[in-house]
Amino acid sequence: VTAYAIAGLVALNVLLLVVGASILYALRGWATWGELVCFSGVAYLLGVSATNVAWIFELVLGIAFGLATIIGTAAALVFVAFLVGYRAGHRLPRPRVPRGLPGLSLVSAVFATMTVVYLEAAFRAARLAGLYEFDAWAFWVPKAKAIYYFGGFDEQFFRELINQAYPPLVPVLEAAAFQFMGSPDVVTVHLQFWFLLVGFIVAVVGLLSGRVAPIFVWPSLLLMLVAPHVGGHFSQPTADFLLDELFAVAALLIALWLIDRQDWQLLAAGLLLVAVMLTKREGYAFAASAIVAALVVTTRDRRSAWPKLITVGLVAAAATVPWRILLAVRHLGGGGPEAGGTGLFSNLDRAWPSFRLALSTLFDYHLWLIVTPLAVVAIVAAFAAGARTLPLYTTLVYVFAVITFTYSTWAFPSLGISKEPALNPIVRLTGEVVLLTPALVPLLLARAWRKAPYVADDA
Amino acid sequence: VNRRIVPWALVLAAAIGYPVGELSAGAPHFPARSDCVDIAKKDGEIEAVFGRFDRRADAEARLRVALGRGFKGSEIASDGCGRLKVFVQGIRTLAVGRELAREARGVGLHVTLEYAAP
């Protein structure tokens, strides 16, 4: 039964990859098949975003969610994307037998070996993981089961659950996984989150390879992977890690757009940001932080940059409106803060402890090792080397993240000032910065290292 | 040897070697109901279990038998694996447990001595 379920999950993720590859074809095409392999991680995450956003639209409209809907939607996305790509002048390269293996440095090989072994061990752990995380069994997975059994957002069932208004991307993805596994297998579903982690790693490596020396890419990636909280929680069927993975790649694409100004990077980031906002409520704050940071660092060429950034941000936010309308129609709370707005002033005594909690969690060695200090060092080094755009963009994204973390405790007086997961979700929230680090730090370190051969000059 | 092959060979060797090494010790074991039975081998928090049952009615029938034959501390509780166990708890030593098991056999009841669930 487990082998059948795993095979089903593999099929689902191949489907997501195919959809994502077609979207990549629409956005930029690829000159060689090797280039597609290089961008396969980004393609996969684009596929996850596009299909899930489309499925959410369909569920909001009341279209029954089953295998036919899942596959039919994916097929439609592939067809439309290839049509758009073809009209844009992109052509598939001729298949050619490669003359030899692509180059792989010894540094890349050593760290890739460790990463592969880590992922294999993570696969074993995820394959038999139990549904123990409170949020997972209390509402994320029950929502997915409801979609699987009832074929939609069952009004009564969703109303009875806690956190009804949480964005639905993860339950929809889990429900699709259940369909492909043939049953609501709450153990094997953990593997879906393993696939997402692999997609994230391949996306970061693919986007940075050829641009940043491997010595800057792999160590920070491996450092993030071996952080205690990552290893112990990435496969939980909740929304936190998917949110961070999608956002980190979106923020990296925006950073690359700041350097290259290739429109496909911004469009891809926009699609990922839609998924970010439909994954968790704080996704709105994360998406806004990346867009605002990019706006700030492009002040000098605002006439060309701002319209694009603002359009991407607004369109991405608009894509979440159907879900918000459904919440309004069903009179479900939007899930706002307990003490937002003026409520913050009546809880002023929580401001400093909330800020201190956010910072101490980010720098907690027992949770995240030295990932955050590494990011700080990389930012300082890049500034010291004379770069401005990238380090300022990264600094702003990180500062906005700390503000978001502080607000998340300050505006919810029922949360304790504590890292205890049962009292405060601050540890899960800070994963944003930790997963951003392997995406942005290699660019900063490469910029700081003046003799780096692949440095993109953003000064 | 082509220099390009060496780094790829390193990755491939690890990718194949690690799972092969792990699987050589056997396939991963998924916890089964039998894993809920932890037979006592030395002193500790021991329970004398008169049986496990899927249906509450069957468990209650066994409880009545145990109580009727003199095991006054008998009770029913979930065993954590989806079944109900009829048992006596609070046995501190294996010697006391074996004495209880001998008495049970004397009145036609089978008992297993197990460690209490943590």
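Everything in this summary refers to the structure shown in the same document. All values derive from a computational prediction rather than experimental measurement.

This brings us to the side chain of Thr238(A). The topology assignment puts Thr238(A) in the loop between helix H11 (228–233) and helix H12 (240–260). Here Thr238(A) falls in the buried class, since its relative accessible area comes to 5%.

Let us look at empty space enclosed by the protein. The method is simple in principle: a probe with the dimensions of a water molecule rolls over the atoms, and the space it marks as empty is what remains. Residues and elements named next belong to chain A. Tallied over the entire structure, the rule returns 3 cavities of 30 Å³ or more. For the largest cavity, the calculated volume is near 60 Å³. Glu133, His229, His233, Gln236, Thr238, Asp240, Phe241, Asp244, Trp368, Val427, Arg428 and Gly431 are the residues that line the largest cavity. Among the elements of the structure, H11, H12 and helix H21 (426–429) are those that each provide at least two residues to the lining of the largest cavity. Tallying contributions element by element places H12 first for the lining of the largest cavity, with 3 residues.

All right, on to the state of the cysteines then. All names here are of chain B. Under the counting rule described, the total for this entry stands at 1 disulfide over all chains. Between the sulfur atoms of Cys36 and its disulfide mate Cys81 the distance is 1.5 Å. On the sign convention where negative means left-handed, the S-S torsion of about 50° between Cys36 and Cys81 marks this disulfide as right-handed. Here Cys36, found in the loop between helix H1 (5–23) and strand S1 (46–53), pairs with Cys81, found in the loop between strand S2 (75–78) and strand S3 (84–91); they are 45 residues apart in sequence, far enough to count as distant. Classification of Cys36 by relative accessible area gives partly exposed; the value is 22%.

In this section: the layout of surface pockets. Within this model, the largest pocket holds a volume of roughly 1500 Å³. In terms of lining, the largest pocket is formed by 43 residues, of which the most central are Val37(A), Cys38(A), Pro102(A), Gly103(A) and Trp8(B). If you list the elements that add at least two residues to the lining of the largest pocket, you get helix H2 (33–38), helix H5 (106–127), helix H9 (190–208) and helix H10 (214–226) of chain A together with H1 of chain B. Per-element tally for the lining of the largest pocket: the top contributor is H5(A), with 6 residues. Classifying every residue of the lining of the largest pocket gives 26 nonpolar, 11 polar and 6 charged. If you add up the space inside the second largest pocket, you get close to 1100 Å³. Around the second largest pocket, the lining comprises 38 residues; the ones closest to its centre are Tyr166(A), Arg281(A), Phe412(A), Leu415(A) and Pro425(A). Of all the elements in the fold, those that place two or more residues in the lining of the second largest pocket are helix H6 (134–150), H11, helix H14 (282–297), helix H20 (389–410) and H21 of chain A. With 5 residues, the top contributor of residues to the lining of the second largest pocket is H20(A). Tallied by class, residues from the lining of the second largest pocket come to 19 nonpolar, 11 polar and 8 charged.

What follows deals with the pairing of S3(B). Residue and element names in this part refer to chain B. Within S3, 6 of the 8 residues are buried, leaving the element largely enclosed by the surrounding structure. With 6 bridges joining them, S1 and S3 adopt antiparallel strand pairing. Looking at S3, one finds that Arg52 is bridged to Lys85. Pairing of S2 with S3, which is carried by 4 bridges, proceeds in the antiparallel orientation. Paired with Ala77 across the bridge in S3 is Lys85. In sequence, S2 turns back onto S3 through a hairpin of 5 residues, with Gly80 there showing a positive phi of about 85°.

Thresholds, definitions, all that
- Residues numbered from 1 in each chain as written.
- Chains lettered and ligands numbered in written order.
- Predicted model: local features only at pLDDT ≥ 70, side-chain atom pairs only at ≥ 80, totals over all residues.
- Heavy atoms only, no water.
- Helix = DSSP H or I, 4+ residues; strand = E, 2+ residues; numbered from the N terminus.
- Buried < 20%, exposed > 50% of the residue type's maximum accessible area, 1.4 Å probe, protein only.
- 1 Å grid on protein atoms, 1.4 Å probe; cavity = no way out; pocket = protein on both sides within 12 Å on 5 of 7 lines; lining within 4 Å.
- Points joined across faces, edges and corners; volume = space filled by probe spheres on them.
- Disulfide = S-S within 2.5 Å.
- Nonpolar A, V, L, I, M, F, W, Y, C, P; charged D, E, K, R; others polar.
- Pairing = 2+ DSSP bridges.

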